[in-house]
Amino acid sequence: MIKLIASDMDGTLLDEHSEVPAETFGLIRELCEAGVHFAASSGRRLDTLHEFFAPVVDQMDFVASNGAQVVVSGELIDREVFSHIGLRRLKETVDNFDCLHIALFDRTQSFLLDDEDRFEREIDKDLLAAVRVYDVPAPEVNILKTSVFCDTPEYTMDMAYVLQRELGDRFVFAPSGSRWIDVMQVGVSKATGIRQIMEYLGIEANEVMAFGDAMNDYEILSMVGHPVAMGNGRYAVKQIAERVIGKNTEQAVQTEMRRVLEEARARA
């Protein structure tokens, strides 16, 4: 029996307009009533996810900022903050490459370590309340999310490799889209966030279904009992999936949510 559904957002749950299809809210409510939890797992910050899911924010769980913010049943159960010295090391390394530019995010702001026109908004990098800064913010600023923008897309994979080679003792680097590289603290990811939800609710891996399309979903899909990849997903993600479904533009996740709901009702 599925007791928890975990879904990525961009390229997975969201449609071609980067919006939550309207039927999703009713499905989340009905799943909740049937005893099936729904969790959004995303690189987006918690405040942004709350805006996306405003009609049902009190009937679901959240793994935000690539695992740095975890909310279960309305309770913040974890918040992971980047260390100041780690961010300084990241800046020192990135400064060696003229194609790389850092964006740092606290709970509500985006701090850009370069002029805003050097960055491109892509998928979950909406750069809300952007502020131009010339150094890493002071230690009292709680940075929850960090991303590196590569202004030359053909170099993105090379740069992800270089950053991992130089800073792999502190961070994990995951390409996101064509130009962005998500920076995650070692031991903090979407998967660790989902694992915390599972432990909090007493749910086993074989009772979890997860949906994803990109490499920052790989760990979650590897961990759960029922990994599902999107038809528009990356090759490696499809290879480890139990099933490959349709595309996000076809609202394939919503179709699967409806199927799980029907099965839960049949068992009731």
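Residues numbered from 1 in each chain as written. Predicted model: local features only at pLDDT ≥ 70, side-chain atom pairs only at ≥ 80, totals over all residues. Heavy atoms only, no water.

Student: It is not clear to me how the packing of aromatic side chains should be interpreted in this structure. Could you clarify?
Tutor: One pair of aromatic rings is described through two measures. These are the centre distance and the angle between the planes. Applying the stated rule across the entire model yields seven aromatic pairs. For the ring pair Phe82 and Phe171, a centre distance of 6.0 Å and an interplane angle of 35 degrees mean the geometry is tilted. In this pair, Phe82 sits in the loop between strand S5 (75-79) and helix H4 (84-94) while Phe171 sits in strand S10 (residues 171-176), placing the two residues 89 residues apart along the sequence. Residue Phe82 is classed as buried on the basis of its relative accessible area of 8%. (Phe/Tyr/Trp six-rings, centres within 6.5 Å; stacked < 30°, edge-to-face > 60°. Helix = DSSP H or I, 4+ residues; strand = E, 2+ residues; numbered from the N terminus. Buried < 20%, exposed > 50% of the residue type's maximum accessible area, 1.4 Å probe, protein only.)

Student: Would you mind showing me how to read the pattern of salt bridges here?
Tutor: Side chains carrying opposite charge are able to pair once their charged atoms draw close together. Under the criterion given, the structure shown has 15 salt bridges. Of the charged contacts in the structure, one is a salt bridge between Asp95 and Lys91, with a shortest N-O distance of 2.8 Å. A salt bridge links Glu256 to Arg243, with the nearest nitrogen and oxygen atoms 2.7 Å apart. With Glu256 in helix H9 (residues 252-267) and Arg243 in strand S14 (residues 243-244), the pair connects residues that are 13 residues apart, well separated along the chain. Judged by relative accessible area, which is 10%, Glu256 ranks as buried. Because the salt bridges share partners, they merge into one network encompassing Arg243, Glu256, Arg259 and Glu263. (Salt bridge = Lys/Arg side-chain N within 4 Å of Asp/Glu carboxyl O.)

Student: Please clarify how the pairing of S10 should be interpreted in this entry.
Tutor: Successive residues of a regular strand alternate their side chains across the two faces of the sheet. Of all the six residues making up S10, five are buried; the element is thus mostly covered by neighbouring parts of the structure. Here six bridges tie S10 to strand S11 (residues 180-185), and the two strands are oriented antiparallel to one another. If you follow Ala174 over to S11, its bridge partner there is Asp182. (Pairing = 2+ DSSP bridges.)

Student: Sorry if this is basic, but what is going on with the sheet that holds S10 here?
Tutor: Across a sheet, strands are paired by hydrogen bonds formed along the backbone, either parallel or antiparallel in direction. Read across the sheet, six strands follow the order S8-S7-S6-S9-S11-S10 without closing on themselves; strand pairing throughout is mixed. Looking along the sheet, the strands with just one partner apiece sit at the ends: strand S8 (130-132) and S10. Taking the axes of each pair of neighbouring strands and ignoring which way they run, one obtains an average angle of 25 degrees across the sheet. For strand S7 (residues 110-112) and S8, the ladder comprises three bridges, and the chain directions are parallel. The residue bridging Ser110 from the neighbouring strand is Ala130, located in S8. Strand contacts of H4: strand S6 (100-105), strand S9 (145-150), S10 and S11, with the helix running at about 160 degrees to S6, the strand carrying the most contacts. Each of S6, S9, S10 and S11 is contacted by helix H5 (residues 156-167), which is oriented at about 175 degrees to S10, the strand it contacts most. (Axes fitted to C-alpha atoms, helices over the stretch in contact; angles between N-to-C directions. Contact = heavy atoms within 4.5 Å.)

Student: Honestly, the nonpolar core in this entry has me stumped. Any pointers?
Tutor: Nonpolar side chains tend to gather and get buried jointly when the protein is soluble and globular. Counting 33 residues, the largest nonpolar core has Ile5, Met9, Phe38, Phe53, Met60, Phe62 and Met257 as the members making the most contacts within it. Secondary structure elements with two or more residues in this core: helix H1 (9-13), helix H2 (23-33), strand S2 (37-41), helix H3 (46-52), strand S3 (61-64), strand S12 (208-212) and H9. Top element by residues in this core is H9. It accounts for six residues. Apart from residues no more than four positions distant in its own chain, Met60 is found in contact with Ile28, Phe38, Ala40 and Phe53. Residues Leu113, Val148, Phe173 and Val183 belong to the second largest nonpolar core, which totals 23 residues. (Core = buried A, V, L, I, M, F, W, Y, C linked by side-chain atoms within 4.5 Å.)

Student: Can you walk me through the pairing of S3 in this structure?
Tutor: Judged by which residues are buried, S3 turns out to be covered on both faces: Asp61 and Val63 on one side and Phe62 and Ala64 on the other are all buried. For S2 and S3, the ladder comprises three bridges, and the chain directions are parallel. Residue pairing across strands places Ser41 opposite Val63, the latter belonging to S3. In this view, the connection linking S2 to its parallel neighbour S3 by way of H3 has right-handed handedness. If you look at the hairpin formed by S3 and strand S4 (residues 69-72), you'll find four residues sitting between the two strands, and Ser65 has a positive phi there, around 55 degrees. (Right-handed = clockwise from strand over helix to strand, strands pointing away.)

Student: Sorry if this is basic, but what is going on with H2 here?
Tutor: Given 3.6 residues to a turn, an α-helix orients residues that are three or four positions apart in the same direction. Turning to H2, its buried residues are Thr24, Phe25, Leu27, Ile28 and Leu31. Projected onto a plane normal to the axis of H2, the buried residues spread over an arc of 165 degrees and lie on a single side. (Arc of directions from axis to C-beta.)

Student: Quick question: what am I supposed to make of the side chain of Ser147 here?
Tutor: Residue position: Ser147 is located in strand S9. Separated by 3.1 Å, the side chains of Ser147 and Asp182 make a polar contact. (Polar contact = N/O pair within 3.5 Å; in protein donor to acceptor, adjacent residues only side chain to side chain.)

Limitation: the analysis is restricted to geometry and does not speak to function.
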